[in-house]
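So you can see what is in the structure, the chains are spelled out below.
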Amino acid sequence: EQGLTETDALVVGAGPVGLFQVFQLGLQEIRAHVVDSLPYAGGQCVELYGDKPIYDIPGISVATGRELTERLLQQVEPFSPTLHFNQVVSEVERQADGRFRVATSQGTQFLTKTLFIAAGVGAFQPRMLKVDGIEKFASQVAYRVEDPAQFAGRDVLVLGDEDPALQAACDLAATARVTLLHRRDGFRADPSRVAAMRELVAQGRMQFKVGQVTGLREAGGRLAAVEVAAPDATVSALPTDVVLVMLGISPKLGPIADWGLDLERKQLKVDTEQFSTSVPGIFAVGDINTYPGKKKLILCGFHEATLAAFGAAAIVFPGKEIHLQYTTTSTKLHRLLGVS
Ligand code: FAD
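Everything quoted here is computed from the prediction, not taken from an experiment. Residue indices follow the written sequence of each chain, beginning from 1 at its first position. Local features in this predicted model are restricted to residues whose pLDDT is 70 or higher, and side-chain atom pairs enter the listing and the counts only when it is 80 or higher, whereas totals over whole chains, interfaces and linings include all residues.

Student: I would appreciate a short explanation of the sheet that holds strand S22 (residues 289-290) in the present structure.
Tutor: Where strands meet in a sheet, backbone hydrogen bonds hold them as pairs that are either parallel or antiparallel. The rule for pairing is simple: two strands pair if DSSP sees at least two bridges between them. For helices the rule is a DSSP run of H or I covering at least 4 residues; for strands it is a run of E covering at least 2, with both sets numbered from the N terminus onward. Ordered by their spatial adjacency, three strands build an open sheet running S19-S20-S22, and the pairing between neighbours is mixed. A strand with exactly one partner marks an edge of an open sheet, and here the two such strands are strand S19 (263-264) and S22. Sheet analysis places S19 next to strand S20 (residues 267-269), joined by two bridges and oriented antiparallel. Each residue of the ladder has a partner; that of leucine 263, found in S20, is leucine 268.

Laid out in structure tokens, this is it:
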């Protein structure tokens, strides 16, 4: 994804608060683009507790993290936001005309009048495999399975002990020569998934090894084998075409700290009238911000997003009087929501 997109609003983070920010901006007639490092929306709700129930969303007595995300995505549909996944917002630079030039890790560029940082605890990114020389073989290292066909017929080394790693190892075993490697013979994955993996190993359809990657062996400019140290310190070479690294996902605050915004213990300082950061035009909502009395709760983030959208309307439509309107009775809002 490349190119330059001009927009009135850009939201960093498609967690619950970023999604509701899109809704509130829509009510203000402001269309938004959204960027997230994950391949899907939902932030912590999906990444950390997709199947667990939440009980304190007003009017929804119970919903899992994934269900809440689905409802929020449904709610923003009338405003058809453009969602840009799999990329980290890396650069933010104020332009002479007051807009912000924003760039992502995939080279997507935006020129936006307003910026909403709904970055939660930071960009969720896969934990990297740390071993000397790995950068050289980037084309043979994967962090998720986009297309299982790419692994077919190859020697695949899967690293990890959580559900995604065991699931991928078992799935790929149907078409590839799979070895699952973990530093001990114990897993954080669901016991049923561990049992399924052990069954495939017993049938000789995949291998499981206890050990750690300590080195790489090259042949003809390509990664040919991975050196694995067993618990007794003996090292063996495992023929490998692809390393599938599934060591978990961790959040990284990353570049946000470099955008010249006032921070307090890694949180962005905001006012409580508009949830503006120290740079006018840049708002911060949800878990990423801090102010006296801040509580890291989804419903607090929803309130913050509402007031931030009013703040943005004053910037996007200078001189225009902005009235509070009810979704129940406003014909203008009905038109925007497509419910008239
Ligand atoms: P997040 O959900 O963290 O989403 C931020 C998104 O921004 C992420 O997807 C991240 O990948 C993305 N991002 C960050 N930086 C970048 C970047 N530079 N570029 C691209 N993308 C970026 N709250 C409640 O109200 N009720 C509950 O019952 C509840 N239960 C919880 C249970 C658990 C186990 C946990 C961990 C939290 C719980 N919370 C609960 C807290 C709630 O999940 C958070 O308050 C909420 O997720 C914050 O939403 P957010 O949109 O601000 O951030």
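Read on for the rest.
Student: Explain helix H4 (residues 163-172) to me, please; I cannot follow it from the model alone.
Tutor: Because an α-helix completes one turn every 3.6 residues, residues spaced three or four positions apart along the sequence face the same direction. Of all the residues in H4, the buried ones are Ala165, Leu166, Ala168, Ala169, Cys170 and Leu172. Next to the buried residues of H4 lie strand S11 (155-159), strand S12 (177-182), helix H5 (191-202) and strand S17 (242-245). Exposed residues have 12 or fewer other C-beta atoms within 10 Å of their own C-beta, buried residues have 20 or more, and partly exposed residues fall in between, where C-beta atoms are placed from the backbone. A pair of residues counts as a contact when their C-beta atoms, built from backbone coordinates, are separated by no more than 7 Å.

Student: Before we go on, may I ask you to explain the environment of valine 102 in this structure?
Tutor: Mapped onto the secondary structure, valine 102 falls in strand S7 (residues 100-104). Taking C-alpha positions, valine 102 is 7.1 Å from valine 89, a pair spaced 13 residues apart along the chain. Each residue touching valine 102, except ones within four places of it in the same chain, is listed here: Leu10, Val89, Glu91, Val92, Phe110, Thr112 and Leu115.

Student: Honestly, the sheet that holds strand S15 (residues 222-229) in this entry has me stumped. Any pointers?
Tutor: Pairing in this open sheet of three strands is antiparallel, and the strands run S14-S15-S16 from one edge to the other. Two strands close off the open sheet at either side, each with one partner strand: strand S14 (212-219) and strand S16 (235-239). Taking the axes of each pair of neighbouring strands and ignoring which way they run, one obtains an average angle of 30° across the sheet. Alignment of S15 against S16, held across five bridges, turns out to be antiparallel. Looking at the pairing, glutamate 227 lines up with alanine 237 of S16. For helices, the fitted line uses only the C-alpha atoms of the stretch in contact; every axis is such a line through C-alpha atoms, and the angle between N-to-C directions lies from 0 to 180 degrees.

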